[in-house]
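What the coordinates show
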Amino acid sequence: MSRQKRTFTWAVSVLGAIGLVLAACGGGGGGKTPGGKPATTAGGKTFADLDVDSNRNGALTDDAADDDFEDQWNQTHGAVFYFNIDDDNSNGQTDHSESAKTAKDILDLTPVVARHMSGLPAGGSAKILVNAAAQGRIRMYMYQAATPTQMSPTAGEYDIPFAMLGTGDVIMAIEGNTRLSPSWNGQVTLTFEVRDSGGTVQSSDVIQLRQAPPIFATNLWTPTQVQVVVDNTGGLSNNSALIAALTTATTAAGITLVQVPGAPYNYDRWIQDSHEPGVHLLPTNGAPRRSIVFNYQCYRNRQIDTWVVPGLIDPDQGVLADFGVVDTSLSYGGNIEVVPPHNSRAWGRALIGGGNGNLVGTTTSATDYMDNTNRQWFDANPIMGPHVQATTEWLAVGHIDEYTMFIPAPNTARGYVCLIASPMRAWNQLFAMDAAGGGGNVVFQGRTSFGWQTTVGAIVGNGPLGTLQQQVQARIDQGRNEIKAATGLTDADFIELPVLFEHVGGGYLAAYNPGVVNMVCLPGANGTTYLIIPDPEGPNDAGGDIWQQDILAQINPLFTAGNPVDVAFTDVFYSYHDLLGEAHCGTNTIRTAPDDDWWDK
Amino acid sequence: MKTLTLSALIALLAPLAAAQQIGTLLDEAAKAQTGDHAKWIAIRDQIVGMGEQALPALRDAGAEANWTEQGWVRAMAADACRLRIENSQAAATVDNPPGLNPERYSMFRKPVPMCNRDFNHLPKGTVPLMLERYRWTMEKQDFSEGAAGQAEREALGTALLHAPGHHGDARARFAMEAAMKDSTLPDTWRQEAAVSLGKTGGVGAVKTLEATVDDVAQPIAVREAAAWAIGRVSDPTAYTALDSRLGNKELTGGQHGDRLARALINGVGILGSRAAWQARGAMSAATGDSVRNDCARLLVDQLKARPADAELIRDQLSIVALERSLDWVKALAIDGETEAIRNAAQSCVDPLTLTLSRYK
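Here goes a summary of the coordinates provided. Given the structure is predicted, the values throughout are model-derived calculations rather than measurements.

Rules used in this analysis
Positions within a chain are numbered from 1, following the residues in the order the chain's sequence is written. Just so you know, chain letters begin at A and ligand numbers begin at 1, following the order they were written in. In keeping with the predicted nature of the model, local features appear solely for residues at pLDDT of at least 70, side-chain atom pairs appear and are counted solely at 80 or more, and the whole-chain, interface and lining totals rest on all residues. Remark: hydrogens and water are excluded; side-chain values derive from all non-hydrogen atoms of the structure. Strands here are runs of E lasting at least two residues and helices are runs of H or I lasting at least four, both read from the DSSP assignment and numbered beginning at the N terminus. Residue exposure (1.4 Å probe, protein chains only): buried if accessible area is under 20% of the type maximum, exposed if over 50%, otherwise partly exposed. By definition, residues are in contact when any of their heavy atoms lie within 4.5 Å. To be clear on the numbers: accessible area is Shrake-Rupley with a 1.4 Å probe, and residue cover counts the displayed protein chains and nothing else. Charge assignment in this entry is limited to Lys and Arg as positive and Asp and Glu as negative, and neither His nor the chain termini are counted. Lysine's charge is taken at NZ, arginine's at CZ, aspartate's at CG and glutamate's at CD. We count a salt bridge whenever a side-chain nitrogen from Lys or Arg sits within 4 Å of a carboxyl oxygen from Asp or Glu. Under the rule applied, a polar contact is a pair of N or O atoms within 3.5 Å (in protein, one hydrogen donor and one hydrogen acceptor; residues adjacent in sequence only if both atoms are side-chain atoms). Here a strand pair is declared whenever DSSP counts at least two bridges between the two strands. Axis lines are fitted through C-alpha atoms, for helices just across the contact stretch, and the angle between N-to-C directions can take any value from 0 to 180 degrees. Geometric relationships in this document are graded by angle, where less than 35 degrees denotes roughly parallel, more than 145 denotes roughly antiparallel, 65 to 115 denotes roughly perpendicular, and other angles denote oblique. Crossing chirality is assigned from the near helix's rotation relative to the far helix, an anticlockwise turn below a right angle marking it left-handed and a clockwise turn marking it right-handed. In this count, Pro and Cys sit with the nonpolar residues alongside Ala, Val, Leu, Ile, Met, Phe, Trp and Tyr, while Asp, Glu, Lys and Arg are called charged and the others, Gly among them, polar. Definition of nonpolar core: a set of buried residues of the types Ala, Val, Leu, Ile, Met, Phe, Trp, Tyr and Cys, connected through side-chain atoms within 4.5 Å. By buried area we mean the combined loss of accessible area, with a 1.4 Å probe, across both parts when two parts are placed together. Only rings of Phe, Tyr and Trp enter the pairing, Trp through its six-membered ring, and a pair is recorded when the two centres are within 6.5 Å. The plane angle decides the type: under 30 degrees is stacked, over 60 is edge-to-face, the rest tilted. A positively charged side chain is recorded as over a ring if its NZ (Lys) or CZ (Arg) lies within 6 Å of the ring centre. The angle to the ring normal must also be within 35 degrees. Between the first and last residue of a helix there are one fewer steps than residues, each counted as 1.5 Å, and that sum is the expected span. What the arc describes is the spread of directions from the helix axis to the C-beta atoms.

1. Digging into the overall build of chain A
A count of helical and extended segments in chain A gives twelve helices and 34 strands. Taking the principal axes of the C-alpha coordinates as reference, chain A spans close to 100 × 45 × 45 Å. The buried share of chain A, taken over its 601 residues, is 62%. Counting only contacts in chain A whose residues sit at least 6 apart along the sequence, the fraction spanning at least 24 positions is 71%. Just so you have it, chain A exposes about 19000 Å², and 51% of that area is on carbon and sulfur atoms. Measuring between centres, the 32 positive side-chain charges of chain A sit 7 Å from its 60 negative side-chain charges.

Right under this line is the structure:
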């Protein structure tokens, strides 16, 4: 049996592609070979045939490559479509809310083709049925010439005009208009039915699709853009040191540094908290896969959030918004990290903070969680979910990035490590210095505003402060165990860095010295990883700052000559630390996903 | 010659007159009711207005020996005035803590009032200023309207009660005791005061804290805090107080018994804290070793008595961080009477091993 291969490739001109499909249909021929389906007659098929790019190679073909197993979703089959949240016509509206499609937006639609049929029953009908879970969560379009027109379903059924079906292929397209949720994992089943005049199904075909899940970036991905809010007021809170460090690193690594003017946003510098970037990956005809950036906007309601929308909605970049209603800082972006790939989790897994423990040093409950809407959304995500949660409810801000940070470690078998704050590491180092006669050494040298400057002896002579460090260490160890239990990481995957903690209000805690794990991690395309680390401002011995020395001694061996690390200890003392955050909190990073498929894992 | 003699006499008598006047004013201050900032500020202004010549009398009046149960308010008034003359910058911080200023706290990563750092980062010697602020001028603060103002008041009150404990300033003992016993205060404030009493009161505070733990008329939250606070007293009497109460079935088996037992266990961990005993120096080392040994033993016993609280006990064992306690929990993980006990003990092994590795 001859088979005529007809291809629809949406990586090229859509109008041209549609023409290609139409032309191919006019040529007739082509049929489904396996499964005992009948052959095609010259005037069209004698059976219902609904096609989609089920083998995800970016080309829709009317042959076994796309026909076989098109009714299944598994590692090799099942089509992909996009939750159309970008703004290809740059009008400030997410595209799924607009039925009029521009040529560029048409690229974001996944084609679905009902093949030309012959011998349609007189007075009959043709329908596309949507499974119950997906109803209302997708939009379908039908092409009239080259223009897609939105189709209106009735009770989950779309009408396919017989007149069109009897004269050629009916070209349609699908987009998502709803995010994943506990009641919908993104799966769509489309059933194409041809019925006789009595409504009895004469022939049918089924295809499976899945909405591309949002994939959050890990710190191992190569950055393309770093965002920071500029405070050039000249006061204590000015962040020129961080901007200078970012400028140096991004210039060397070829990364774009976006400096958002602070004044219009009242210097709300916590751009990490306003949104969390990631990508939707879609099949294409050849590498690299199509990657559309999304920015998950957190429930926060502070000034810089108004830069995210509309600032981060544009062609091939969108915003996922309106999550939750619970006013807790645990819902901010700094509380979303990703454990890099582990076990069978090729894209890693979402890591957040929260829990139902006690205020540190007490038996008073301090339950706090990220808003459940967000957690449910993570859990509905087949790639990033279910989320991993580690205890942070005892922290004033409550973010996981206050005591953990994953960074590349090319000199290790796993390829990355988790840097984790250790108050007892910091404490024991100070204690040793004090015991060696260095009790008078200054900590936070020159930081006299707000009374920060102190001495080694004053710190380690404060018994309750020492107890607090032990209590925090126990809590961080609990968080580490929660991460280990969920991911299979071992103690060897964690590197402890010196960070003391202190009470800041209401029994809640924050880093006492600048929290060094809260760093900016930029693995450049040039092979060098740039780490912009808050200067811990520890006491000096003959070799300099003892905490800086300890950090370098632990981080440097993680890298190789071919993939070196470039560490910049950066002053964030008054610009961030004094305001309850650090360097990572003050930046956000858009990264390039690895050229890999999520759907075949 | 006659004039010169008179001048000399006046010069000689001036300090005495000032001291007498200051003494009278301090007597009046001691009578000023809590919250009576108008009366106190009027007195304070007169004393501070005398400048450096008032310092000798203020130093005498604020001497450590005068911080007694009866005399602490007068001594506090004297020290607060002295500090206002000697360290006006600290006084300004206490009067206007930056973390209470909406313009500043709106810049915080979490934009709520927080001022513990403002007080904790001041020198220990400035604690009398905080006690003064708490007793007399707290309500003079120009709080914001509505919920924001409530949050500011809560932040200020709890921070002022927290800081004396952070600094471990024994002068704060009776002020903290008074606040802990003040039933008009929110429980959270009384909890802060209880913990600070434990940190500042020394052995003398144990009986008061014991009585609070035992007093069924007190809110359970305050009783819990008193149990934690006993652990702040670096003395074997604190161990006895905690041990006897954990063994008191009437207390730990009655209403709120579980909560009290957990609070007492928390107190045992705090009492045995390795870092805290290190901080107390070589002179306390022998006592510390003995107390820590007792605390670790008691915690392992609690694993047998309360295996369901293994997580809490595990953390406390990590705080005591006694090397041989690892052998004890390992043995219990094998020999424990029930599976629950063996599992509870086993759950402590890895965390304690990790903890102890940090001291090698």
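2. Observations regarding the side chain of B:Glu152
Residue and element names in this part refer to chain B. Within the secondary structure, Glu-152 sits in helix α9 (residues 146-167). Buried within the structure, Glu-152 lacks any salt-bridge partner; its nearest side chain of opposite charge belongs to Arg-133, at an N-O separation of 9.7 Å. Polar side-chain contacts of Glu-152 include one of 2.6 Å to the side chain of Tyr-105. Apart from residues lying up to four places away in sequence, Glu-152 is in contact with Leu-100, Pro-102, Tyr-105, Pro-113, Phe-143 and Ser-144.

3. Points about the sheet that holds strand β20 (residues 349-353) of chain A
Residue and element names in this part refer to chain A. Strand order in the open sheet formed by three strands is β19-β20-β21, with mixed pairing between adjacent strands. Each having just a single partner strand, β19 (336-339) and β21 (388-390) make up the two edges of the open sheet. Taken over all neighbouring pairs, the strand axes of this sheet differ in orientation by 35° on average, direction set aside. Note: β20 against β21, three bridges, orientation parallel. Of the residues in β21, the one forming a bridge with Ile-352 is Gln-389. Along the sheet face, helix α11 (residues 463-487) touches β19, β20 and β21 and points at about 165° away from the line of β21.

4. A few points about the packing of helix α18 (residues 285-305) of chain B against helix α20 (residues 323-335) of chain B
All names here are of chain B. The interhelical angle for the contact between α18 and α20, taken along N-to-C directions, is 15°, at an axis separation of 10 Å. Judged by the angle between their axes, α18 and α20 are roughly parallel. The handedness of the crossing between α18 and α20 is right-handed. Side by side, α18 and α20 meet where Asn-293, Ala-296, Arg-297, Val-300, Leu-303 and Lys-304 of the first sit next to Arg-324, Ser-325, Trp-328, Val-329 and Leu-332 of the second. Each residue belonging to the contact of α18 with α20 can be placed in one class, and the counts come to six nonpolar, two polar and three charged.

5. Concerning the nonpolar core
Counting residues in hydrophobic clusters, the biggest one holds 173 residues, and the most contacted among them are A:Ile407, B:Leu303 and B:Leu317. If one sorts the elements of this core by residue count, helix α4 (residues 72-86) of chain B sits on top with nine residues. Residue contacts for B:Leu317: discarding those within four places in its chain leaves B:Ala296, B:Leu299, B:Val300, B:Leu303, B:Leu322, B:Ser325, B:Val329, B:Cys348 and B:Leu352.

6. Some remarks on the interface of chain B and chain A
On the side of chain A, 60 residues touch chain B, which itself brings 46 residues to the contact. Three residues, B:Arg109, B:Arg117 and B:Arg358, lead the burial of chain B against chain A; their summed loss comes to 25% of the area buried on that side. Seen at the junction of chain B and chain A, the total is six salt bridges. Measuring nitrogen to oxygen at the nearest pair gives 2.6 Å for the salt bridge that ties B:Arg358 to A:Glu496. Applying the counting criterion to the chain B and chain A interface returns 28 residue pairs in polar contact (both at pLDDT 80 or more).

7. Description of unusual backbone geometry
Residue and element names in this part refer to chain A. Between Val-309 and Pro-310 the backbone carries a cis peptide bond, its omega angle lying at 15°. Turning to its location among the elements, Pro-310 is positioned in helix α7 (residues 305-311). Cis rather than trans, the peptide bond between Gly-385 and Pro-386 has omega equal to -10°. For Pro-386, the location among the structural elements is in the loop between α8 (372-380) and β21. Unusually for a residue other than glycine, Asn-266 sits at a positive phi of about 50°. Looking at where Asn-266 falls in the secondary structure, it is placed in the loop between β15 (256-261) and α6 (271-274). Even without being a glycine, Asn-343 presents a positive backbone phi close to 45°.

8. Side note on the packing of aromatic side chains
The final tally for this structure, using the stated rule, is 24 aromatic pairs over all chains. When the centroid spacing of 6.1 Å and the interplanar angle of 80° are considered together, the rings of A:Trp221 and A:Trp347 count as edge-to-face. In this pair, A:Trp221 sits in the loop between β13 (215-216) and β14 (222-230) while A:Trp347 sits in the loop between β19 and β20, placing the two residues 126 residues apart along the sequence. Grouping residues by exposure puts A:Trp221 and A:Trp347 together as buried. Between A:Trp598 and A:Trp599 the ring centres are 5.5 Å apart and the planes differ by 80°, which places this aromatic pair in the edge-to-face class. Here A:Trp598 and A:Trp599 have matching classes, each one buried. An aromatic cluster is built from A:Phe216, A:Phe294, A:Tyr296, A:Phe323, A:Trp377 and A:Phe378, whose rings are joined through pairwise contacts. It is A:Arg269 that lies over the ring of A:Tyr576; its NZ or CZ is 5.8 Å from the centre. Across from the ring centre of B:Tyr359, 3.8 Å away, lies the NZ or CZ of B:Arg274, which sits over that ring.

9. Re the pairing of strand β23 (residues 416-422) of chain A
All names here are of chain A. Among the seven residues of β23, seven are classified as buried, and the element is accordingly described as predominantly covered. By the alternation rule, side chains of β23 split into Tyr-416, Cys-418, Ile-420 and Ser-422 and Val-417, Leu-419 and Ala-421, which are all buried. Inspection of the sheet shows strand β22 (residues 404-408) paired to β23 by five bridges, in the antiparallel sense. If you follow Thr-404 over to β23, its bridge partner there is Ile-420. Pairing of β23 with strand β26 (residues 494-498) involves five bridges; the strand directions are parallel. The residue of β26 that forms the bridge with Ile-420 is Glu-496.

10. Considerations on the sheet that holds β23(A)
All names here are of chain A. Taking strand neighbours across the sheet as the criterion, the three strands line up as β22-β23-β26 in an open arrangement whose pairing is mixed. In this open sheet, the two edge strands, each paired with only one partner strand, are β22 and β26. Averaged over all pairs of adjacent strands, the angle between strand axes in this sheet comes to 35°, irrespective of strand direction.

11. Overview of the pattern of salt bridges
Side chains that carry opposite charge are capable of pairing whenever their charged atoms lie near each other. Residue and element names in this part refer to chain A. Counted according to the given criterion, the structure contains 55 salt bridges over all chains. Measuring nitrogen to oxygen at the nearest pair gives 3.2 Å for the salt bridge that ties Asp-491 to Arg-480. Of this pair, Asp-491 sits in the loop between α11 and β26 while Arg-480 sits in helix α11; the two residues are eleven residues apart in sequence, bridging distant segments of the chain. For Asp-491, a relative accessible area of 35% translates into the label partly exposed. One continuous salt-bridge network, built from bridges that share partners, spans Lys-45, Asp-49, Asp-51, Asp-62, Arg-115 and Asp-169.

12. Notes on the packing of helix α2 (residues 37-49) of chain B against α4(B)
Residues and elements named next belong to chain B. One way to put it is that α2 packs onto α4 with a least axis distance of 10 Å and a crossing angle of 50°. Relative to α4, α2 is oriented oblique. Our pair here, α2 against α4, has a crossing hand that is right-handed. Packed against α2, whose contacting residues are Trp-40, Arg-44, Ile-47 and Val-48, the element α4 presents Ala-77, Ala-80, Cys-81, Arg-84 and Ile-85 at the interface. Residues belonging to the contact of α2 with α4 are distributed by class as follows: seven nonpolar, no polar and two charged.

13. A look at α20(B)
All names here are of chain B. For α20, with 13 residues, the first-to-last C-alpha span of 19 Å sits near the 18 Å given by 1.5 Å per residue. Among all positions in α20, only Ser-325, Leu-326, Trp-328, Val-329, Leu-332 and Ala-333 are buried. Buried residues along α20 cover an arc of 160° about the axis, so they all sit on one side. For α20, exposure combined with an orientation more than 90 degrees from the buried face picks out Ile-334 and Asp-335. Those residues of α20 that are buried lie in contact with α18, α19 (310-320) and α21 (339-357).

14. Points about the environment of A:Ser274
Residues and elements named next belong to chain A. With respect to the helices and strands, the residue Ser-274 is situated in helix α6. A relative accessible area of 0% places Ser-274 in the buried class. Along the sequence, Ser-274 and Gln-72 sit 202 residues apart, while their C-alpha atoms lie 38 Å from each other. Among residues more than four places away in sequence, those in contact with Ser-274 are Tyr-296, Gln-297, Cys-298, Arg-300, Ile-304, Asp-305 and Val-308. Reaching out from Ser-274, the side chain makes a polar contact with the side chain of His-275 at a distance of 2.6 Å.

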